[in-house]
Amino acid sequence: MVTPAAKREAVAHLRSAFDMSERRACRTIGCVRMTVRYCSRRPGDIELRQRLRALARERRRFGYRRLNVLLRREGFKVNHKRLFRLYREERLAVRRRGGRKRALGTRAPMLVPQWPNDRWSLDFVADQFIDGRRMRILIVVDDCTRECLTLVADTSISGIRVARELDRLLVAYGKPKTIVSDNGTELTSNAILRWADDHKVEWHYIAPGKPVQNAFAESFIGRLRDELLNETLFRSLPHARVMLDDWRTDYNHNRPHSRLGWMSPAIYAAQRRSAALRLTEGSAPRTAATTATTVHEGKTDRQTPIAAG
């Protein structure tokens, strides 16, 4: 018996089963009477516990840190240590899925782009319907803002289809400077090579067998598979497209991202685009100096130029 609650239960058992007094029961188990008589003043946290359980049921793969961000957005002011205690008491811990063994060694950190559209990452992920048919999902991620630009699901996706989807993204988000992808047959096809040449976009292919070189796409695929693909049974292709679109909207606008200071990718992207716009306006050439003139009795006197601003 270590905890005060266990000692209180032991004292209560001795008093009820053996008809002992409180003083004798405490002396028997070595407990201070003040511990038995103590009444907790801690609030019950009923509303907080109920909302925590509801969020955990809604977002089954979120840990207590992301749940804390969501609770703060709803107006709950709770310390992270207190929330972790409630999280443990409610037994809401996320079960870790077993992963494959990875080779150990030194890794060179990948440079993170500073502005939106500096670099996009592109990759495919495979899944299946409940009847066993296979489908593929094309994902495109902005490495700076971590936004998921598109999730295209189909039973087959060719290089021409990828080029068509990239044209659509150019209209919505603008042209990227660089696109990173693996060496899949769809991404090394003549359609993609022609598209990159026509739009003057640098296309970087990672080394064969080195998915870590496309780390942003691989990290996003891990979140997509953990939070949606492993949790959902897809009945058909239209059902899969609806679920993917809903998850992408929630990921971009609601899901807190740890690398972005717990902001959502959409909010972070808006801040970076606004900063880029201010930087562009600040680096624009200043207007030419104007010359002030005074008129005295019909005569014009030229004075020192006045700098603009």
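All of these numbers come straight from a predicted model, not from anything done at the bench. (Residues numbered from 1 in each chain as written. Predicted model: local features only at pLDDT ≥ 70, side-chain atom pairs only at ≥ 80, totals over all residues. Heavy atoms only, no water.)

Draft legend 1. Structural view of the environment of tyrosine 64. The residue tyrosine 64 is located in helix H5 (residues 64-73) in this model. Separated by 24 residues in the primary sequence, tyrosine 64 and arginine 88 have C-alpha atoms spaced 9.3 Å apart. Non-local contacts of tyrosine 64, meaning those with residues more than four positions away in its chain, are made with His80, Leu83, Phe84 and Tyr87. A polar contact is formed between the side chain of tyrosine 64 and the side chain of arginine 65, at a distance of 3.5 Å. (Helix = DSSP H or I, 4+ residues; strand = E, 2+ residues; numbered from the N terminus. Contact = heavy atoms within 4.5 Å. Polar contact = N/O pair within 3.5 Å; in protein donor to acceptor, adjacent residues only side chain to side chain.)

Draft legend 2. Local environment of the packing of aromatic side chains. With the rule as written, the count across this model stands at seven aromatic pairs. Their ring planes at 50° and their centres at 4.8 Å tell us that tyrosine 64 and phenylalanine 84 sit as a pair that is tilted. Remark: phenylalanine 84 occurs in helix H6 (residues 80-89) and tyrosine 64 occurs in helix H5; sequence separation between them is 20 residues. The class of tyrosine 64 is buried, set by a relative accessible area of 15%. You can call phenylalanine 84 partly exposed: its relative accessible area is 32%. Between the aromatic rings of phenylalanine 220 and tyrosine 251, the centroid separation amounts to 5.1 Å while the plane-to-plane angle is 80°, which identifies the pairing as edge-to-face. Here the residue phenylalanine 220 occupies a position in helix H9 (residues 215-227), and tyrosine 251 occupies one in helix H10 (residues 237-253), the gap between them amounting to 31 residues. In terms of burial, phenylalanine 220 and tyrosine 251 fall into one category: buried. Within the aromatic cluster, the residues linked to one another by ring pairs are Tyr64, Phe84 and Tyr87. Over the face of the ring belonging to phenylalanine 62 we find arginine 66, whose NZ or CZ atom lies 6.0 Å from the ring centre. (Phe/Tyr/Trp six-rings, centres within 6.5 Å; stacked < 30°, edge-to-face > 60°. Buried < 20%, exposed > 50% of the residue type's maximum accessible area, 1.4 Å probe, protein only. Lys NZ or Arg CZ within 6 Å of the ring centre and 35° of its normal.)

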